[in-house]
Amino acid sequence: MKLTKRVAIIVMGILCIVLLTKILKKDLWSVNAELFKEEFLSISQSVETVNLLNITPFEWDRAYSFNPYTPEDLIYETVGYKWDNISETVNEGMNQIVFLNDEKVVCYIYGYPENNGYGLAFITENYTEVASILNVKDELDFHVTRSESVIYLRND
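Parameters at a glance
Residues numbered from 1 in each chain as written. Predicted model: local features only at pLDDT ≥ 70, side-chain atom pairs only at ≥ 80, totals over all residues. Heavy atoms only, no water. Helix = DSSP H or I, 4+ residues; strand = E, 2+ residues; numbered from the N terminus. Buried < 20%, exposed > 50% of the residue type's maximum accessible area, 1.4 Å probe, protein only. Contact = heavy atoms within 4.5 Å. Areas by Shrake-Rupley, 256 points an atom, 1.4 Å probe, with all protein chains shown as cover. Pairing = 2+ DSSP bridges.

1. Regarding the overall build of the chain
Stage number 1. Each helix and strand in the chain was counted, giving four helices and eight strands.
Stage number 2. N-terminal to C-terminal, the α/β element order of the chain is α-α-β-β-α-β-β-α-β-β-β-β.
Stage number 3. Buried positions account for 37% of the 156 residues belonging to the chain.
Stage number 4. The long-range fraction of contacts in the chain, counting pairs at least 24 apart against all pairs at least 6 apart in sequence, stands at 55%.
Stage number 5. Total accessible area on the chain is roughly 9,900 Å²; 55% of this is exposed by carbon and sulfur atoms.

Right, dumping it as structure tokens:
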């Protein structure tokens, strides 16, 4: 009887550890978004242009900037698979950017630049009806502009 109770306690402990690990574990794209934000916000006041590769602390080969109001299913279809925590933009002023590496999402940026502290906008010759597509081999120099509380990068 004592052995069964001890085994049950051990099993319950293992289950608790597994559940806590899953709850506390952040997804790769979320961790990279935080690292990207740190790099983005550390751009010096005197910098006027920056190469996007110099501030992306992760490997990527393609990025999508989705048009406002693009439905979730079209984003998933464009990217090639579904992942958690994606939202449809509800305003023209929002960012909806997905970085991929080897067909996997490695960074997901979503929200208002005013709330995030930074904004990224790119227009490319490579686009679909739902997104502009930036490849790592494209011209990656972006102009830096600032408002009171936001740093913006634009490639136009």
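Now that the structure has been shown, the text picks up again.
2. A short note on the pairing of strand 3 (residues 95-101)
Stage number 1. Summarising burial for strand 3: six of the seven residues are buried, a large majority.
Stage number 2. Sheet topology places strand 2 (residues 62-66) next to strand 3; four bridges connect them, and they run antiparallel. Residue pairing for strand 3: Ser65 is matched across the bridge by Ile97.
Stage number 3. Both strand 3 and strand 4 (residues 104-111) contribute to a ladder of seven bridges, which runs antiparallel. Within strand 4, the position partnered with Gln96 by the bridge is Tyr110.
Stage number 4. Two successive antiparallel strands, strand 3 and strand 4, enclose a turn made up of two residues, where Asp102 displays a positive phi of approximately 50 degrees.

Taken by themselves, the reported measurements are silent on function.
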